[in-house]
Amino acid sequence: MSTAELLDRAQQMAGYRFLNPDLLIAAVTHASLADNRLSSNERLEFLGDAILGMIVCEELFEQFPDRLEGELTKIKSVVVSRRICAEMADE
């Protein structure tokens with residue numbers, strides 16, 4: 001299967017058509033397979049982690065107005081943990 005066919009299939013499965021297919025290629029390229037690390041998914045992972053963190057922080061801030069910053073930080077660290085994110089992805 002060609003790269004174009006794989007990209008088309010991935011977009012069909014996601015139900016989303018990328019305006020910039022290079023972003024999709026970067027998103028699915030692990031550093032071990034990239035020509036250089038700038039061509040891998042690491043920069044997008046960095047951005048995604050920050051966005052996820054912001055969304056979770058906002059939600060926790062709204063849902064728990066009586067909690068202190070330290071408590072919110074502990075809850076956030078559990079919510080955005082690798083294990084919880086993997087479970088959510090499986091669902």
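Everything that follows concerns the structure shown earlier in this document.
Residues numbered from 1 in each chain as written. Predicted model: local features only at pLDDT ≥ 70, side-chain atom pairs only at ≥ 80, totals over all residues. Heavy atoms only, no water.

It is worth spelling out the side chain of T29 at this point. Tracing the backbone through its elements, the reader meets T29 in the loop between α2 (21-27) and α3 (42-63). Looking at T29, its side chain comes within polar contact range of the main-chain oxygen of I25, at 2.5 Å. Excluding its chain neighbours within four sequence positions, the residues that come into contact with T29 are A34, S39, S40 and N41. (Helix = DSSP H or I, 4+ residues; strand = E, 2+ residues; numbered from the N terminus. Polar contact = N/O pair within 3.5 Å; in protein donor to acceptor, adjacent residues only side chain to side chain. Contact = heavy atoms within 4.5 Å.)

Bringing the environment of L72 into the picture now. Tracing the chain through its elements places L72 in helix α4 (residues 69-79). As a C-alpha pair, L72 and V56 span 16 residues in sequence and 9.9 Å in three-dimensional space. Contact partners of L72, with chain neighbours within four places excluded, come to L60, F64 and R67.

Let us now look at the pattern of salt bridges. This structure, assessed with the given rule, holds three salt bridges. In this structure, D8 engages R17 in a salt bridge whose closest nitrogen and oxygen atoms are separated by 2.9 Å. (Salt bridge = Lys/Arg side-chain N within 4 Å of Asp/Glu carboxyl O.)

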